[in-house]
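Understanding the architecture of this molecule
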Protein chains: 2
Amino acid sequence: MKVYHINEVSAMDSNFRRNFINSLTGFKSVGLIGTVSEAGRTNLAIFSQIFHVGASPALIGVLFRPNTVTRHTLDNILSTRSFTINHICESFVTAAHQSSARYADDESEFDATGLTAEFTSAVNAPYVKESVIKLGLRLAEHQTIRINQTELVIGEVKEIIVPDDCVLNDGFVDLEKAGTVTSSGLDSYHKTSKIVRLTYAKPHQTPRPIG
Amino acid sequence: MKVYHINEVSAMDSNFRRNFINSLTGFKSVGLIGTVSEAGRTNLAIFSQIFHVGASPALIGVLFRPNTVTRHTLDNILSTRSFTINHICESFVTAAHQSSARYADDESEFDATGLTAEFTSAVNAPYVKESVIKLGLRLAEHQTIRINQTELVIGEVKEIIVPDDCVLNDGFVDLEKAGTVTSSGLDSYHKTSKIVRLTYAKPHQTPRPIG
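Just so we're clear, the structure is a prediction, and the values are computed from it rather than from any experiment. (Residues numbered from 1 in each chain as written. Chains lettered and ligands numbered in written order. Predicted model: local features only at pLDDT ≥ 70, side-chain atom pairs only at ≥ 80, totals over all residues. Heavy atoms only, no water.)

With respect to the packing of aromatic side chains
Residue and element names in this part refer to chain A. Evaluation of the coordinates by the stated rule reveals 7 aromatic pairs over all chains. Here the aromatic residues Tyr4, Phe16 and Phe20 are joined through ring pairs into a cluster of three or more. Positioned above the aromatic ring of Phe172, the side-chain terminus of Arg197 is 4.0 Å from the ring centre. (Phe/Tyr/Trp six-rings, centres within 6.5 Å; stacked < 30°, edge-to-face > 60°. Lys NZ or Arg CZ within 6 Å of the ring centre and 35° of its normal.)

Below is the structure:
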């Protein structure tokens, strides 16, 4: 077991530190965010800082680091107030990862990666046709994290596209059945296998497996 | 494939909706947060709204829903300005889940779940001895999400405890080797198997597998 103190972390090579620190939160919710510019150009970018904010209303948060390639996505969300989140499956992990390349302003990541844009009437942003679980969102709030100027975008879910047989009777969505992958660090992708679902925890009772 | 619109989601039974919406972000970073009260009582609670905020300085964010059992954790962080995040392994998933039960104010979740508190000199909060990867943090920022009064806490990483053989030459931490689990929805736990690590994406080049 090794113990790192903050002064050792500060002294690390910056690439080493980026890989190291990005690994520490654990496995992440990774998805492709689809947007469209005011001029109508589609954009697609991979994000792993996606998290649940609330169920009623249904809110999802995304963090944007300042001054990165993902800036197109943020600009588009702020102008159209719309975006999609598309779960990633093993079959298109490489294309999804490729969407993080720094393409020129006049290139769409859909063309560049071979993924297919599709639209519904509910949201002014492209979905990824190849994705199995997809969410359409409307911008609900935008704040800046003061300590490092990271931008927090919160979207309200307007539309949810999910296979019928992945939604269980109690509302739980079987992501494993849908083939959703998870990520770790900056560049690693993983599939999952279920250990257990557990009943709601109450004091002095051991939770029981569900299903 | 089923398409849900927001008005159907709003009309859902509240338990169904909670399970459903909590599933939609994908697999999550789940960890045990250890804190201590001003009176010296240890507290432990499971969280799945944990995310990377920045690498330099090393910052991690945690969301706290208002008016829940997790309030003890937030109160302790605000008073001691310290907390730990402890990765969960398959061997103690049930104990970790059990930490979410609504224990009385004079009970410690360490005693109730059988997990073991341990301390270092770097941070005024208990680690979970059984955990393999553990982070000690100091409160760096605290904001309220206006739209639903969720509280965002950002901690600066002060200490990192991780097995030597899980840190690769480029800084990437092999969470799978450490046995870190991921969660989905409110109550499901999963182990992972690696699909691939991919090289940094550049326009018009296909990313290659690493390692």
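What to know about the side chain of A:Lys134
Residues and elements named next belong to chain A. By the element assignment, Lys134 lies in strand E9 (residues 134-145). One polar contact links the side chain of Lys134 to the main-chain carbonyl oxygen of Val128, over a distance of 3.0 Å. Residues in contact with Lys134, not counting those within four places in the same chain, are Ile85, Asn86, Glu118, Tyr127, Val128, Lys129, Glu159, Ile160 and Ile161. (Helix = DSSP H or I, 4+ residues; strand = E, 2+ residues; numbered from the N terminus. Polar contact = N/O pair within 3.5 Å; in protein donor to acceptor, adjacent residues only side chain to side chain. Contact = heavy atoms within 4.5 Å.)

Considerations on the environment of A:Gly179
Residues and elements named next belong to chain A. Within the element layout of this structure, Gly179 appears in the loop between helix H6 (175-178) and strand E11 (182-184). C-alpha of Gly179 to C-alpha of Thr192: the two residues are 13 residues apart in sequence and 8.7 Å apart in space. Residues in contact with Gly179, not counting those within four places in the same chain, are Ile88, Cys89 and Glu90.

Comments concerning the side chain of B:Asn86
Residues and elements named next belong to chain B. On the secondary structure map, Asn86 appears in strand E6 (residues 82-87). Overall, the relative accessible area of 0% leaves Asn86 in the buried class. Looking at Asn86, its side chain comes within polar contact range of the side chain of Thr84, at 3.0 Å. Excluding anything up to four places from it in sequence, Asn86 contacts Gly31, Leu32, Gly34, Pro126, Tyr127, Val128, Ser131, Ile133 and Lys134. (Buried < 20%, exposed > 50% of the residue type's maximum accessible area, 1.4 Å probe, protein only.)

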